[in-house]
Structure formats: C-alpha cells, structure tokens
Amino acid sequence: MKILKFRQPIWATRLPVVLTATIIHLLRVTSSVTPPPLPILPIPSAQQISWQLAEMALFLHFGTNTFTDSEWGTGHADPSVFNPTEFNATQWVTVAKQSGFSRVILTAKHHDGFCLWPSDYTDYSVKSTTWRNGSGDVLRDLAEAARIGGVELGVYLSPWDRHESCYGKTLEYNEFYLAQMTELLTSCYNLCFRYGEIREVWLDGAKGEGEKYMEYFFDDWFSFIHQHQPGAVIFSDAGPDTRWIGDEAGVAGSTCWSLFNRTNDMIGNTDSKYSGQGDPFGHDWVPAECDVSIRPGWFWHASESPKSALTLLDLYYKSVGRNCLLLLNVPPNSSGLISQEDIQVLQEFSEIRSFIFSHSLAEDASVSASSTRGDLIDPRYSPHNVLQQGTHSYWAPGSVQSGWILYLDLQETIAFNVLMVQEPIQMGQRIIRFHIDFLNEDGEWKVAAKGTTVGYKRLLLFHSVRATHLRLVVEESRADPLIAYVGIYMDPFSVVNHISELSSASPINGSHPLQQATNRIASS
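Thresholds, definitions, all that
Residues numbered from 1 in each chain as written. Predicted model: local features only at pLDDT ≥ 70, side-chain atom pairs only at ≥ 80, totals over all residues. Heavy atoms only, no water. Helix = DSSP H or I, 4+ residues; strand = E, 2+ residues; numbered from the N terminus. Buried < 20%, exposed > 50% of the residue type's maximum accessible area, 1.4 Å probe, protein only. Contact = heavy atoms within 4.5 Å. 1 Å grid on protein atoms, 1.4 Å probe; cavity = no way out; pocket = protein on both sides within 12 Å on 5 of 7 lines; lining within 4 Å. Points joined across faces, edges and corners; volume = space filled by probe spheres on them. Nonpolar A, V, L, I, M, F, W, Y, C, P; charged D, E, K, R; others polar. Pairing = 2+ DSSP bridges. Axes fitted to C-alpha atoms, helices over the stretch in contact; angles between N-to-C directions. Phe/Tyr/Trp six-rings, centres within 6.5 Å; stacked < 30°, edge-to-face > 60°. Salt bridge = Lys/Arg side-chain N within 4 Å of Asp/Glu carboxyl O. Disulfide = S-S within 2.5 Å. Polar contact = N/O pair within 3.5 Å; in protein donor to acceptor, adjacent residues only side chain to side chain.

*Asks:* Outline the overall build of the protein chain, supporting the account with residue identities and numerical values.
*Replies:* Of the regular secondary structure elements, the protein chain holds 11 helices and 17 strands. The buried share of the protein chain, reckoned over its 524 residues, is 56%. Within the protein chain, counting contacts between residues at least 6 apart in sequence, those at least 24 apart form 76% of the total.

*Asks:* Please provide a residue-by-residue account of helix α9 (residues 309-317), values included.
*Replies:* Within α9, burial applies to Ala309, Leu312, Leu313, Leu315, Tyr316 and Tyr317. The secondary structure elements touched by the buried residues of α9 are β1 (56-60), β9 (288-293), β10 (325-329), α10 (340-357), β12 (404-422) and β15 (458-477).

*Asks:* Go over empty space enclosed by the protein, please, and point to the residues and values.
*Replies:* Scanning the model with the defined rule gives 1 cavity of 30 Å³ or more in all. Within this model, the largest cavity holds a volume of roughly 40 Å³. A breakdown of the residues in the lining of the largest cavity according to their chemical character gives 3 nonpolar, 5 polar and 1 charged.

*Asks:* I'd love a proper account of the sheet that holds β10, names of residues and values included.
*Replies:* With respect to topology, 8 strands assemble into a closed barrel ordered β1-β2-β3-β4-β5-β6-β9-β10, the strand pairing being parallel. The mean inter-strand angle of the sheet, taken between neighbouring strand axes irrespective of direction, is 25°.

*Asks:* Describe the packing of aromatic side chains, listing the residues and the values that go with them.
*Replies:* Enumeration over the complete set of coordinates arrives at 32 aromatic pairs. Ring geometry for Tyr177 and Trp221: centres 3.9 Å apart, planes at 25°, overall stacked. Taken together, the positions of Tyr177 in helix α6 (residues 170-185) and Trp221 in helix α7 (residues 218-228) put the pair 44 residues apart, joining distant regions of the chain. Between the aromatic rings of Phe355 and Phe493, the centroid separation amounts to 5.5 Å while the plane-to-plane angle is 75°, which identifies the pairing as edge-to-face. Of the two residues, Phe355 is situated in helix α10 and Phe493 in the loop between β16 (485-489) and α11 (499-502); the sequence distance between them amounts to 138 residues.

*Asks:* Can you lay out the pattern of salt bridges for me, pointing to particular residues and giving the numbers?
*Replies:* Pairing between side chains becomes possible if they bear opposite charge and their charged atoms approach one another. Across all of its chains, the model carries 17 salt bridges by this definition. A salt bridge links Asp123 to Lys127; its shortest N-O distance comes to 3.9 Å. For Lys127, a relative accessible area of 31% translates into the label partly exposed. A salt bridge links Glu197 to Arg199, with the nearest nitrogen and oxygen atoms 3.9 Å apart. Among the ionic contacts, a cluster of salt bridges with common partners joins Arg103, Glu152, Glu197, Arg199 and Glu200.

*Asks:* Tell me about the state of the cysteines, residues and numbers included.
*Replies:* Evaluation of the coordinates by the stated rule reveals 0 disulfides. No disulfide involves Cys324; its sulfur sits 3.6 Å from the nearest other cysteine sulfur, which is in Cys256. Given a relative accessible area of 1%, Cys324 falls into the buried group.

*Asks:* Describe the environment of Lys169, listing the residues and the values that go with them.
*Replies:* Here Lys169 shows up in the loop between β3 (152-157) and α6. Overall, Lys169 belongs to the partly exposed group, its relative accessible area being 47%. Expressed as a C-alpha distance, the spacing of Lys169 and Met214, which sit 45 residues apart in the sequence, is 7.1 Å.

*Asks:* Requested: an account of the side chain of His111, with residues and values cited.
*Replies:* Inspection of the secondary structure puts His111 in the loop between β2 (103-109) and α5 (138-149). Residue His111 is classed as buried on the basis of its relative accessible area of 2%. Of the polar contacts made by the side chain of His111, one reaches the side chain of Ser158; its length is 2.8 Å. If sequence neighbours within four positions are ignored, His111 has contacts with Trp72, Tyr156, Ser158, Trp160, Asp161, Arg162, Asp204 and Ala206.

*Asks:* Give a detailed account of the pairing of β12, specifying residues and quantitative values.
*Replies:* Where strand β11 (residues 366-369) and β12 come together, 4 bridges link them in antiparallel fashion. Within β12, the residue paired with Val367 across the bridge is Leu408. Bridge count between β12 and β15: 13 bridges; the pairing is antiparallel. Within β15, the residue paired with Val418 across the bridge is Leu461. The pairing of β12 with β16 spans 5 bridges and is classified as antiparallel. Note on β16: the bridge partner recorded for Leu419 is Ile488.

*Asks:* I'd like a description of the pairing of strand β13 (residues 431-439), backed by residues and values.
*Replies:* Taking burial as the measure, the 9 residues of β13 include 7 buried ones, the bulk of the element. Summarising the sheet, β13 and β15 pair through 7 bridges and their orientation is antiparallel. In the sheet register, His435 faces β15, and the bridge partner there is Val473. Sheet analysis places β13 next to strand β14 (residues 444-451), joined by 6 bridges and oriented antiparallel. The residue of β14 that forms the bridge with Ile436 is Ala449. Counting the residues that bridge the hairpin from β13 to β14 gives 4 residues, and of these Gly443 lies at a positive phi of roughly 75°.

Geometric values such as these leave the question of function open.
Right, here's the structure in full:
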C-alpha cells in the first residue's frame, strides 16, 4: 500500500508521544488525498490573470492635442507644435510606480493620426517636428524607462485616423494600420531594438459622426497581436481579452461578471448595460476595464484641475472593488511632464489606500466553516486559507451540504466598515449573491452588507459596525463557491450616505447596509 506523506498537524504536538505516533501511523495508512474541484468554465488565460492582478494602470494621453488645447484633433495641426522641451519618461514611470500603478499605456497614435514614434509609413510624426531635431521617439524613451523601472508597457493605436489619406479605403487602410502595429510590436527589419515586450494593446471603435465609413479587419489585427506579443492582452469595446465597461466615468455595475458573450457586442456599437454587467451565462472570459481621466479632459489643458484623492478612492471602490481594472488617465502637460498638482493627488490616493488596506483587521481571526472539502487534516481547502492574501489558496466547501457559510471569530470587538472578498478566478467566477453578518449583543445576527458578484475582488463599503463574531454567507453560486480571501478594514475617509438614503433601494457600492436578518444564532 502506498504511504502518503504529510506534515504533522499542530494538534499532534500536544498529544503524548506514543498516542501521537499511533494516530499519525493510522492516518498515513488510511488517508487519501481529495482532488481539487473542477474549474467552472470559462476561465481566464495566464495573461488575463496577470492583467487582473495589476488592478490599476496609468493611461498617458499625449500628442499634438496637448499643445493645441484640443481633445479630438483634426489631423491637420502642424507637427511643429509638438515640442515638449522638458520631456522625461522616467518621471512618468516614477510617478506611476510610486502611486501603485504597475502598468502604463501610451497613446502612441490618437485619432488625429500624429505618431509619437518615427513611423516609416507617415510623415505625420515626431520625425517632422523640431523636438530633438526630429530624432526623438517618445515611445522608445518610455519603453526604456518602463524596463528599468519594472513597470509594464502598453500602447494605444487609434483605428480612426483623421490625417491618413487612405482612411476609408478598406484594404489599403487595414494594410497601413497593421504596418504601423508591426512597428510597435516587432523588431525592425535589421533586428534593431524597438520597444520590447508590450503587455497591453489598446484600441477602440471611437469615431466622430459623419466620418468616412471604414471596415476594420479586427480579427486579423487580433491574431497578429497575439502572434507577435503573446504576453499581451488586447483591449477593445468587446475584447477579445478585456472589454470596455461602457462609460468613461470609471464606474462598473454593482453586478459585474468577467463572463461575456463577445458575439453579443460590436466594437464601436456596444450595449453599455451589457458591457457594464457582463453575463452570468457568457461563454467567454472577458473582464472589464474602467477608463477615466484624473482631469475633465483626456489631454492636458491648463484651465483644468485634477480630481481629489477621495474621488479617486471612490472610483477604486467602484472599479477594482467591482472585479475590474482601473485605467486612470494622467495626461502629461505641454512641457512633457506630469503636472505637480496631479502628482500630489496621486500621492494622497496612494497613502489613503495604504492606510486602509495595509492589513486586515481579521488577520488574527479564528475561522470555521459550514463544511470543508476533503478531511479536516487536509490544509488545501481549509477555511483558514481565506486569511491569506492572494488567490492561489482557497476554502472549498463539502460537496453535500445545505449552505455555504464562513464563521470568523475576531477574538475581540473590532470596528470596521469595509469588506473585501476574493475568489480564485483561475477556477472560474462562481458567486452570484452573498452577505456579511455580525452578531450583536443580543445574540442576534444582523446583515452588515449584501453584495452580488465577487470575481477577483469585491469591496463593500457600509456604515461602521462593531463586532466580535462575523459570518460570510454565500446565498447563490454557479457551482460550489470557492473563497480565496476575506478581509475587513476601517475606512475613515469615505463618507457614507445618510441613513435616510440607506433605507431606500439604492445601495452603496452595490451593498445594502444594516438590514436586520431574521435568523438568530440558534438557527446557525
């Protein structure tokens, strides 16, 4: 008979030596290892998981619009207006990294067609400017700074091109566009260094009314990108790897599935509600990206000011905290630097997040569950796994049981107003509805907050409660729920709406605070 090896459990150290040896021998002889549960399809690719773990990325809108006080340039601005005399890509990367952003995405070409690299296929680029005597390359400098700084790089190449004369001629323009994409994603013909690894390629279907009809060969583009940059995810209105949330406010739906049917949406003509919520019956894994600018416009304008750090915190709850990635645009100014007032806001935003989320108030809790997969000595599915940050380990319930509940004994009375829950998304997205209860002084369970989907990360913000005992109840799930992490936190910065608003149907960040549960402790 095969003898299974396992670590000696903690309780064994407290038993007499002879009895301990006897029990361990019997367990070795009789125990069998329970295999993990099957994933529930669809599941993310390795690239999609890496993208989701980043949580936030910095968008950098920069170009001739920066110098002409425009948002959508006409494509006829003189290239000589582009002259960022203090341009410093290292500053951009440093700001991103110090603010907690591990990826930067540059508008290599916006709708006006002006290229921030010296493209061979057009003269409407940095090579036609006086900046660095026409020898400058914004993307090259950013790629090098990102490589040195350990920050991932992405590029936005606008399909709509208001300058290129062949735009509107289907075959000719698709060849032109793919040629420019080739310059961004591959080595040049004599194998010289170009821009290295690209981790995200960003494109969309934006186009002004009355513009020329243009058929884009999206499937050709997507195949080409995956062939030459296999580590990259592709963003568009409808995927294939990550989708638009459906607005430019940075806010996801309070229910947000990574599941999606790509055939239900069309690039350039999306259903914002469908994009914002996803599809519990979707056949494709296409998580959402929430794009928003730190300023009113996407390009820098001297007359505009950045949002406050608390506004960014609210956006964090409503994007990252709703199973999405937050893509925050921070446009460099006409000198070629990120403005100091924007940097100040980003620093405050980073400090606030660190203050709230640096450690969970439940990290020393004792955890039990309504059931656990396998036997009690197998740590792989233990409820204690939910106290370890990350999504690699998880609690798995037993396959035959009447409810899915995690119980947390905090050991002392603790005040908190934020709940974080995470699923191991490599196993698929499962949870449909859940709530968190606390035990009051009368021995009665009350609901602190309710939520719907979880996915990679769900954050619920509610009125502060004080409790020693909590329970997380999964009410509905696509399959047996798997929970990777449960944390509670105190956010002293965010202002929760008045009680009168809480009693209405409108939730706070998808949560319904302080609704009394009918169940008592005796029924648990």
